[in-house]
Amino acid sequence: MNVDDLILVSIDDHVVEPPDMFLRHVPEKYRDQAPIVVTDEKGVDQWMYQGRPQGVSGLNAVVSWPAEEWGRDPAGFAEMRPGVYDVHQRVRDMSRNGILASMCFPTFTGFSARHLNLHRDPVTCIMVSAYNDWHIDEWAGSYPGRFIPIALMPTWNPEEMIKEIRRVAAKGCRAVTMPELPHLEGLPSYHDMDYWGPVFQTLSDENVVMCLHIGTGFGALQLAPDGPIDNLIVLASQISSLCAQDLLWGPAMRTYPNLKFAFSEGGIGWIPFYLDRCDRHYTNQKWLRRDFGGKLPSDVFREHSLACYVTDKTSLKLRHEIGIDIIAWECDYPHSDCFWPDAPEQMLGELQAAGADDTDIEKISWQNSCRFFDWDPFANIKREDATVGALRASATDVDVSIRPRAEWAKLYDDKQFAAAK
């Protein structure tokens with residue numbers, strides 16, 4: 001396959017929410033209670049909600065910075081590439097990178113809205129809905145055919161979760177982001193069907209995918225307190241298997257045949273060992289008498305799951321053993337793991353090195369994601385206009401230069417000054 005003929009759909013990217021995002025979506029009577037951005041003495045833009053800090057604006061939003069400036073420290077809006085928070089510039093960056101469509105996980109709320117959900121009150125339900133309206137109607141809605149929307153949930157209130165799932169599904173949203181290990185957030189675990197059963201049933205009824213992004217379960221890693229940050233970054237993907245264990249061996253996957261789970265940013269390397277171990281355990285430990293309906297645990301897992309990767313050169317050689325239909329690709333823009341603006345070359349080169357033919361490549365690059373999320377990539381954009389080559393041809397003027405964050409800040413200030421004149 002020629003790189004220009006690729007179609008790329010990324011099911012894990014991130015949006016840094018613009019500071020005015022709530023203004024048009026929170027009812028007027030609650031507007032003074034909405035989260036706001038406050039700039040601290042170091043110039044860091046900090047989100048505040050109910051008088052408490054709730055997450056920073058630009059954690060690891062390092063795209064277009066020199067590598068020596070990368071880090072997990074937060075940035076102000078002025079220091080970031082505009083495509084990080086401006087949807088118009090994001091679409092241009094996507095086109096320059098040859099990416100047709102993107103699913104954008106939240107930033108300041110936490111990947112599963114944990115920062116908002118620390119406040120378990122009716123006002124928070126309003127803010128969760130307002131966030132979803134902004135994301136679905138304004139961010140994704142600004143460019144139909146370029147985004148697969150994903151919604152937050154008030155995870156501490158099952159009744160409100162059910163209402164919100166139905167509401168966002170009616171707006172065309174087929175994905176929600178949820179915690180990997182909810183018991184770490186003081187919620188019932190995914191084994192508790194009195195709590196989660198009605199939610200799982202509603203997700204099934206509405207054909208909405210439950211996305212489980214790494215990082216929401218960091219609390220499961222009791223790492224050495226004096227260890228380097230590398231420990232957390234390298235081992236984060238292992239939490240996906242802990243999450244899968246609760247869903248596969250608990251009631252979720254075995255009880256709800258239409259329930260779907262996307263394991264986000266955890267890669268695919270954990271899957272072959274995990275499934276081999278599950279099947280060996282199931283066939284050997286007969287005294288435990290788990291019921292998988294006459295199937296192997298690996299079969300049930302594949303019926304319910306999709307997993308995405310940025311780069312996984314060794315595991316891609318095992319793509320058929322893992323399950324060619326459950327593997328998807330992600331870019332992870334604007335984080336330090338992402339490839340920009342050469343994602344197509346990186347992605348295609350790795351697959352071809354693993355011996356993938358065009359059929360396998362198309363499944364991984366877009367078909368599996370679009371099928372799983374019930375999203376038609378050509379509903380708004382003709383197929384011939386959706387390829388890497390066509391998208392890049394529409395964005396030849398996009399600046400791809402690397403600039404220090406101070407230089408980005410100066411460009412931002414110059415633009416603000418010019419707009420004020």
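Note: the structure precedes this text.
Residues numbered from 1 in each chain as written. Predicted model: local features only at pLDDT ≥ 70, side-chain atom pairs only at ≥ 80, totals over all residues. Heavy atoms only, no water.

Q: How should I be thinking about empty space enclosed by the protein in this particular structure?
A: Scanning the model with the defined rule gives one cavity of 30 Å³ or more in all. As a volume, the largest cavity reaches approximately 70 Å³. In this structure, the largest cavity is lined by D13, R90, D93, M94, N97, I99, S102, C331, Y333 and W340. Where the lining of the largest cavity is concerned, the elements lending two or more residues are α1 (87-96) and β5 (99-105). Element by element, the count of residues in the lining of the largest cavity is highest for α1, at three residues. (1 Å grid on protein atoms, 1.4 Å probe; cavity = no way out; pocket = protein on both sides within 12 Å on 5 of 7 lines; lining within 4 Å. Points joined across faces, edges and corners; volume = space filled by probe spheres on them. Helix = DSSP H or I, 4+ residues; strand = E, 2+ residues; numbered from the N terminus.)

Q: Just to check I follow, could you spell out a nonpolar patch on the surface for this structure?
A: Nonpolar side chains collect at one region of the surface, where L223, V234 and L235 lie side by side and expose about 230 Å² of accessible area between them. Considering the arrangement of structural elements, one finds L223 in the loop between β7 (209-213) and α6 (229-235). (Patch = residues over 30% accessible without salt bridge, like charges linked within 9 Å, V, L, I, M, F, W, Y side chains within 5 Å. Areas by Shrake-Rupley, 256 points an atom, 1.4 Å probe, with all protein chains shown as cover. Salt bridge = Lys/Arg side-chain N within 4 Å of Asp/Glu carboxyl O.)

Q: Explain a negative patch on the surface to me, please; I cannot follow it from the model alone.
A: Together, D4, D5, D357 and D358 give the surface a local cluster of negative charge. The topology assignment puts D357 in the loop between α12 (343-353) and α13 (358-372). Judged by relative accessible area, D357 falls into the partly exposed class, the value being 42%. (Lys, Arg positive; Asp, Glu negative; His and termini not counted. Charge placed at Lys NZ, Arg CZ, Asp CG, Glu CD. Buried < 20%, exposed > 50% of the residue type's maximum accessible area, 1.4 Å probe, protein only.)

Q: How do you make sense of the state of the cysteines when you look at a structure like this?
A: Working definition: the covalent bond between the sulfur atoms of two cysteines is a disulfide. Within this structure, the stated rule accounts for zero disulfides. Cysteine C173 is unpaired, with the sulfur of C211 as its nearest cysteine sulfur at 8.8 Å. Assessed through its relative accessible area of 0%, C173 is described here as buried. (Disulfide = S-S within 2.5 Å.)

Q: Honestly, the packing of aromatic side chains in this entry has me stumped. Any pointers?
A: The description of an aromatic ring pair rests on the distance of the ring centres and on the angle between the ring planes. As enumerated under the stated definition, the model contains 23 aromatic pairs in all. On the basis of an interplanar angle of 50° and a centroid distance of 6.4 Å, the ring pair of F108 and Y131 is categorised as tilted. Residue F108 is located in the loop between β5 and α2 (114-117), and its partner Y131 is located in helix α3 (residues 122-140); the two are separated by 23 residues in the primary sequence. Take F108: its relative accessible area is 1%, and that puts it in the buried class. On the accessibility criterion, Y131 (1% relative accessible area) is buried. Pairing W139 with F147 gives two aromatic rings, centres 5.5 Å apart and planes at 50°, and the pair type is tilted. Considered together, W139 and F147 belong to a single accessibility category, that of buried residues. Over the ring of F292 we find R254, and its NZ or CZ is 5.3 Å from the ring centre. The ring of W408 carries R403 above its face, with NZ or CZ at 5.7 Å from the centroid. (Phe/Tyr/Trp six-rings, centres within 6.5 Å; stacked < 30°, edge-to-face > 60°. Lys NZ or Arg CZ within 6 Å of the ring centre and 35° of its normal.)

Q: What exactly am I supposed to notice about the layout of surface pockets here?
A: Over the atoms, a rolling probe the size of a water molecule traces out where space has been left empty. For the largest pocket, the calculated volume is near 1,200 Å³. Every residue lining the largest pocket is counted, 44 residues in all, and those nearest its centre are F111, I214, F218, A236 and E265. Taken together, the elements giving at least two residues each to the lining of the largest pocket come down to β4 (52-56), α2 and α6. In terms of residue count, the dominant contributor to the lining of the largest pocket is α6 (four residues). A per-class count over the lining of the largest pocket returns 17 nonpolar, 19 polar and eight charged. When its volume is computed, the second largest pocket comes out at roughly 690 Å³. Along the wall of the second largest pocket there are 30 residues; nearest its centre are P82, Y85, D86, Q89 and K415. (Nonpolar A, V, L, I, M, F, W, Y, C, P; charged D, E, K, R; others polar.)

Q: How should I be thinking about the packing of helix α4 (residues 158-170) against helix α5 (residues 193-206) in this particular structure?
A: Each pair of packed helices can be summarised by the angle the axes make with each other and by the distance between the axes. Remark: α4 packs on α5, axes separated minimally by 9 Å, with the N-to-C direction vectors making an angle of 5°. In this view, α4 runs roughly parallel relative to α5, as classed from their interaxial angle. Between α4 and α5, the contacting residues are P158, M161, I162, I165, R166 and A169 on the first element and Y195, W196, P198, V199, T202, L203 and E206 on the second. The residue makeup of the contact of α4 with α5, split by class, is 10 nonpolar, one polar and two charged. (Axes fitted to C-alpha atoms, helices over the stretch in contact; angles between N-to-C directions. Parallel < 35°, antiparallel > 145°, perpendicular 65-115°, else oblique. Contact = heavy atoms within 4.5 Å.)

Q: How should I be thinking about the nonpolar core in this particular structure?
A: Here is a general trend for soluble globular proteins: nonpolar side chains tend to be buried in one another's company. Membership of the largest hydrophobic core comes to 105 residues, with the highest contact counts inside it found for F22, M178, F200, L247, F263 and F301. Here this core takes 10 residues from α3, the largest share from any one element. When neighbours within four sequence positions are excluded, F301 is seen to be in contact with A244, L248, M253, F263, W270, I271, L275 and I326. Within the second largest apolar cluster, 24 residues are counted, among which are F105, I148, A262 and L391. (Core = buried A, V, L, I, M, F, W, Y, C linked by side-chain atoms within 4.5 Å.)

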